[in-house]
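# Architecture at a glance
Here is how the chains run, residue by residue.
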Amino acid sequence: MNAIEAEKLTKEFQIYQSRKGLTGAFRDLFNRNYRSIRAVNEVNISIPKGEMVGYIGENGAGKSTTIKMLTGILQPSSGELKVNGFDPHNQREEFVKTIGVVFGQRSQLWWDIAVQESFTLLQKVYRVDNKKLLDRMIDVLNIGELLDQPVRKLSLGQRMRCELVASLIHQPSLLFLDEPTIGLDVLVKENIRQFLREMNQEFGTTILLTTHDLTDIEALCSRVIMLDKGNIIYDGGLTQLKQEWGEGKKIHLELDQEVSLEHLGKVTETLPVSWTKNEANAKLFTAQLQGNSITASEVLSLLVTSGVPIHEMQIQEVSTEEIVRKIYQEG
Amino acid sequence: MLAMYREVIRIRFLMMLAYRVNYYSGIIIYSINIGAYVFLWQAVYSGKPSLEGFSVIQMSTYIAISWMARAFYYNNLDREIAEEIRDGSVAIQIIRPYNYLMVKVFQGFGEGLFRLLLFSIPGMVIVSFIYPIQLTTDPSVWIQFFISLLFGFIVNVEVNLIVGLFAFFLLNNQGILWAKRFLVDLLSGLIIPISFFPEVFQKIFAFLPFQAISYIPSVTLVKGLDISKWLPAMGIQFAWSIILALLCWGIWVKARKTLIVQGG
């Protein structure tokens, strides 16, 4: 059984449009214009147990709406949905015992009281009493000293670590993370990622991660689902994504003396390489390798054998960030 | 299940304690209110021994009791719910394996219990020294009063839940919240006992749930209703708690379907 199984999942919203100006506002009082918007359009998602999947897309692509349907907060307009074997919206109370959710921008801890009081209440809510797991999570995330402080006094990074513990207190088999590392510093991010990897390996927790920070995805997920305007535009491995969309590597060279662009072009004319010259420094050049058919060493050996005086060089891989930017731009 | 609700009540206690200033200022505000109304009514009586079946002493007692009872049944659940819907944090509530409305009820109960124990009872002792009031020593009347007070709490909570849930449909119901608060204070007999209203209004009020909140419990204690009068009064309170509970449930089910989580 898959952790998440969605077929033709769709969510439509009715939005009302306000008319322009004062007369428009008066007319709106009596008669409103409604327009229906498809936030999520016949999306198919299937995630097996134990997988860590990154769910990305531009702002307003429909990510949050999907998460809200998967967690039972919103009722889908149409389509089939089974999460952990439940219908999230209609079997809500039983279903939510099997999932954990972290909303990066929303706290699930009680704002005015000490963190540990929140934990105690959550243990009662989920009817669990697993001191060992709780202690371990507190230890790994290093929040032991924060337990007796009210949540409102915690920093963002401290709070987020507490949120993670709160969402995993009942050891759910499926964890939804909606931008969990937003606004956090590098060390906290690393700490959280390490913790998530541990939970995944040890308990087989399935994790669906929404984020704008692609380093999160690179660090955690082997699979990526990309959403654009309510449609899935990519669903597959991270490495394939790079191969399919990656422009190929770049080689930055610093030469000992000035060479003309034509000369470099001539030397490598047998290979699909295009050269650009740095405007500010005439000794700096960049070679853009087209596609994935050639390697950097082929280019370099040609350069060396034809006597181009290389002083310093650097090979640049395409970052996921760049790939995603490109996909967003091209739609 | 019970352990959870007990914990909810405990957390509410902690939260009330976290805001001590609110607690202290509450005592002062309530004492001022009681004082103001006691003196106002003394002026209205201006020497007359009784009005509409209330003697001066009974009137003062009625005022003190209804304000202290208000400390127990009053809560801001409507505002809290509206707020949670407005800022979208209701989403967090929905991903928890409990009934949102029941948890709210118990939060309100925790708040009420806190105020009853740490506010109303000590407050009542102080007030009884300052103002001319007379409290019965008959334990059976006190038992009747507390049962009636509990129903008053239930009816008021249900009214609050319904008003709060309107936010699901309106998304901003600040105006309704204000109107409701004033209506409840007026029509529940807190400011003026129901029997002082013109006949026509009394007949209309009989069809509204508000007198079940404050008037019935307060009169029960002040006048010491005997069983034959008390039971029908209980019947009214009980009927309203059931009717409003069903209404709450219906609205909640409908609201969950139309839920739009605002922001994020």
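So, a few notes on the structure that sits alongside this text. (Residues numbered from 1 in each chain as written. Chains lettered and ligands numbered in written order. Predicted model: local features only at pLDDT ≥ 70, side-chain atom pairs only at ≥ 80, totals over all residues.)

## Points about the nonpolar core
Ranked by size, the top nonpolar core spans 135 residues in total, and within it V165(A) and L209(A) carry the most contacts. With 14 residues, the single largest contributor to this core is helix α7 (residues 139-170) of chain B. Setting aside residues up to four positions removed in sequence, L209(A) forms contacts with M52(A), V53(A), G54(A), Y55(A), L177(A), D216(A), I217(A), L220(A) and C221(A). Core analysis: the second largest hydrophobic core is formed by eight residues, L264(A), V273(A), F285(A) and A287(A) among them. (Core = buried A, V, L, I, M, F, W, Y, C linked by C-beta atoms within 7 Å. Buried ≥ 20, exposed ≤ 12 C-beta atoms within 10 Å, placed from the backbone. Helix = DSSP H or I, 4+ residues; strand = E, 2+ residues; numbered from the N terminus. Contact = placed C-beta atoms within 7 Å.)

## Observations concerning the packing of helix α3 (residues 56-73) of chain B against α7(B)
Residue and element names in this part refer to chain B. At a minimum axis separation of 9 Å, α3 and α7 run at an interaxial angle of 55 degrees. In this view, α3 runs oblique relative to α7, as classed from their interaxial angle. Relative to α7, α3 is oriented so that their crossing is right-handed. Residues A69, F72 and Y73 of α3 touch α7, and the partners they reach there are L149, G152, F153 and N156. Split into classes, the residues belonging to the contact of α3 with α7 amount to five nonpolar, two polar and no charged. (Axes fitted to C-alpha atoms, helices over the stretch in contact; angles between N-to-C directions. Parallel < 35°, antiparallel > 145°, perpendicular 65-115°, else oblique. Left-handed = near helix turned anticlockwise from the far one by under 90°. Nonpolar A, V, L, I, M, F, W, Y, C, P; charged D, E, K, R; others polar.)

## Let's talk about helix α2 (residues 63-70) of chain A
Residues and elements named next belong to chain A. For α2, a buried count of eight out of eight residues is recorded, marking the element as mostly surrounded by other parts of the structure. Buried within α2 are the following residues: K63, S64, T65, T66, I67, K68, M69 and L70. A positive phi of about 85 degrees marks G72, the residue just after α2.

## Concerning the interface of chain A and chain B
It is common to give the size of an interface as the accessible area lost on bringing the parts into contact. The partner chain B presents 20 residues to the 25 residues of chain A that form the contact. Counting only elements with at least two residues in the side of chain A that touches chain B, the list comes to α2, β5 (99-103) and α4 (115-126) of chain A. With six residues, the single largest contributor to the side of chain A that touches chain B is α4(A). Here the side of chain A that touches chain B is composed, by residue class, of eleven nonpolar, seven polar and seven charged.

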